[in-house]
Amino acid sequence: MTVIIIDQKIRDYRKSHKLTQEAFGALLGISPQAVSKWERLECYPDITFLPVLAKMFGCSVDDFFVGR
């Protein structure tokens, strides 16, 4: 089973860089409400954001998923 951990990655990155949801959303051109929904797993980022987020976080897209 694969577990999606993108919510944790987004929250950890945002907090470690002392960014509000509003500031983080502004970096990506999205609303703070969208960031909040991602962090609460109400929805996931559009697939086109994954490479952007991976580059921003210094990781690979695969790091957003954990196989179990």
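Residues numbered from 1 in each chain as written. Predicted model: local features only at pLDDT ≥ 70, side-chain atom pairs only at ≥ 80, totals over all residues. Heavy atoms only, no water.

A. How the structure looks around the nonpolar core. Judged by nonpolar contacts, the single largest core of 15 residues is most densely connected at I10, F24, L28, W38, L53, F57 and F64. Elements supplying a minimum of two residues to this core: α1 (6–16), α2 (21–28), α3 (32–39) and α4 (50–57). Per-element accounting of this core gives the leading share, four residues, to α4. What F57 contacts, discounting residues up to four positions off in sequence, is K9, I10, Y13, F24 and F64. (Core = buried A, V, L, I, M, F, W, Y, C linked by side-chain atoms within 4.5 Å. Buried < 20%, exposed > 50% of the residue type's maximum accessible area, 1.4 Å probe, protein only. Helix = DSSP H or I, 4+ residues; strand = E, 2+ residues; numbered from the N terminus. Contact = heavy atoms within 4.5 Å.)

B. Broad picture of the packing of α1 against α4. Running from N to C, α1 and α4 cross one another at 45°; their axes reach a closest spacing of 11 Å. Considering the angle they form, α1 stands oblique to α4. In the crossing of α1 with α4, the sense of the turn from one axis to the other is left-handed. Together, I6, K9, I10 and Y13 of α1 and L50, L53, M56 and F57 of α4 make up the contact between the two elements. In the contact of α1 with α4, the residues fall into seven nonpolar, no polar and one charged. (Axes fitted to C-alpha atoms, helices over the stretch in contact; angles between N-to-C directions. Parallel < 35°, antiparallel > 145°, perpendicular 65-115°, else oblique. Left-handed = near helix turned anticlockwise from the far one by under 90°. Nonpolar A, V, L, I, M, F, W, Y, C, P; charged D, E, K, R; others polar.)

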